Amino acid sequence: MRCYLHAFLLCVVLTLCSLLYVLSKLASTLEDREEWRGVRELGIPGRRSHDTGHLLRKGPGLAGLRDRGEDGLDRGRSGAAVKESIDDRSHLAVVACGPRLEETLTMLKSAVLFSKKPLHFYIFAEDNLHVSFKSALDSWPRAVQTKFKFTIYPITFPEENAKEWKKLFKPCASQRLFLPLILKEVDSLLYVDTDIIFLRPVEDMWALLSQFSSSQLAAMAPEHEEPRIGWYNRFARHPYYGKTGINSGVMLMNMTRLRENFFKNDMTTVSLRWEEILMPLLQKYKLNITWGDQDLLNIIFHHNPESLYVFPCQWNYRPDHCIYGSNCQQAEQEGVFILHGNRGVYHDDKQPAFRAVYEAIQKYPFGKNMEAFLLQPLEASLQTTTHTYCGRASHLFTKRLKESIINRTSHKDDNPARS
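Here is what the cut-offs are and how they apply
Residues numbered from 1 in each chain as written. Predicted model: local features only at pLDDT ≥ 70, side-chain atom pairs only at ≥ 80, totals over all residues. Heavy atoms only, no water. Phe/Tyr/Trp six-rings, centres within 6.5 Å; stacked < 30°, edge-to-face > 60°. Buried < 20%, exposed > 50% of the residue type's maximum accessible area, 1.4 Å probe, protein only. Helix = DSSP H or I, 4+ residues; strand = E, 2+ residues; numbered from the N terminus. Lys NZ or Arg CZ within 6 Å of the ring centre and 35° of its normal. Disulfide = S-S within 2.5 Å.

## Regarding the packing of aromatic side chains
So, step 1. By the definition in use, this model includes 17 aromatic pairs.
So, step 2. A centroid spacing of 5.4 Å and a plane angle of 90° characterise the contact between Trp231 and Tyr232, whose relative ring orientation is edge-to-face.
So, step 3. Judged by relative accessible area, Tyr232 falls into the buried class, the value being 1%.
So, step 4. Plain terms: the ring middles of Tyr317 and Phe354 are 6.4 Å apart, the flat faces sit at 15° to each other, and that makes the pair stacked. Taken together, the positions of Tyr317 in the loop between strand E10 (308–310) and helix H13 (329–334) and Phe354 in helix H14 (residues 352–363) put the pair 37 residues apart, joining distant regions of the chain.
So, step 5. Classification of Tyr317 by relative accessible area gives buried; the value is 0%.
So, step 6. Each member of the aromatic cluster is reached from another via a ring pair, and the members are Phe121, Trp140, Phe148, Phe150 and Phe366.
So, step 7. Stacked on the ring of Phe366, the Lys or Arg Lys109 has its end atom at 5.1 Å from the ring centre.

## Focus on the state of the cysteines
So, step 1. Tallied over the full model, the rule gives 3 disulfides.
So, step 2. In this model Cys97 forms its disulfide with Cys172; the gap between the sulfur atoms is 2.0 Å. Note on the Cys97 and Cys172 pair: the S-S dihedral is about -95°, so by sign convention the disulfide is left-handed. Taken together, the residues span a long stretch of sequence, with Cys97 in the loop between strand E3 (90–96) and helix H3 (101–114) and Cys172 in the loop between helix H6 (162–166) and helix H7 (179–182) at a distance of 75 residues.
So, step 3. The disulfide partner of Cys313 is Cys328, and the S-S distance across this bridge is 2.0 Å. Around the S-S axis, the bridge from Cys313 to Cys328 shows a dihedral of about 100° and counts as right-handed. Residue Cys313 is located in the loop between E10 and H13, and its partner Cys328 is located in the loop between E10 and H13; the two are separated by 15 residues in the primary sequence.
So, step 4. When its relative accessible area of 1% is taken as the criterion, Cys313 is described as buried.
So, step 5. Disulfide partners in the protein, listed by the sequence order of the bonded cysteines, are 1-2, 3-5, 4-6.

Here's what the structure looks like:
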């Protein structure tokens, strides 16, 4: 009898061991499947390393980011060290296609010049631009490079609709809609268009995240301050946010909330997640939208106004704010914080004041006195633009810039322009 009992107990033990082994393999399989589900959804067969400064990883967040050592190689860190380092950084994303290399580099330069806290750049670019971006950023002085990291990514859209997304509005512009699904481990992100110039530190914009209510997950500026010249309220054939719509050229996101939220919509009574709502919206409104991804964002936040934080126009100051006379009251009081040269005004003669700011940042030589080599030449150039309305308001462009330069140069240890 005892032999039978021993045999029975042995069978039970072996059965339990087998069951535990099967469960562990199943858990591992599910974990791998979940980890790569988003990559397959976006049509990426697998991330591979590019010669782009920092290696492309499945997630560029706390567990995946690496620092470059003195020899230029990526060096891994412990989890605690990475978290401490990353939490202190402002995360900035940009999408560059076509002839946008130099414009993007000038934007990144303005971010580095005035920020006192470290930055991480997420650069999404066409494959033929990767080497140029890496070479340019690696050529910046070592003292400047210590202030930022960068990771370069390919342009990727959901595989089944890639062509449709890529041709929406300008090439690659709609990439921004998929950043929360690609940068899965990044908690918050500031997206900007390539034609942005920072006139105050990036961390000042980053600080607006702390002003979000519990329901807010993104922040943008109004498309217009003056309804009489507004586009959405006069011409839009689709829903839009508020009285005059919103402009997506500067977009601050709590991406964790954005990924977890369910969005109300006019397609179904069921609220949808971010990855579920984009394609149906495009299919419904593609014949009615003019500004591509920005229109889709307007539609989403029209139905979910409680999810949007609206920041003032001086954080996204465009020619529309001065072309017919000054209509951004916050800039009148505090100056322009971020200059947005949309419609190509950095590269033509339509708005010479905007072009003067862009060229002053572009031509400024790293390491030189910013007051003598940046501010003074800019002020001289702006004096020649007073024949335009924006030129007459150009003192607003330098009001905050002067303060940024003074604050930057008064902290010698923090100034990347000083070696």
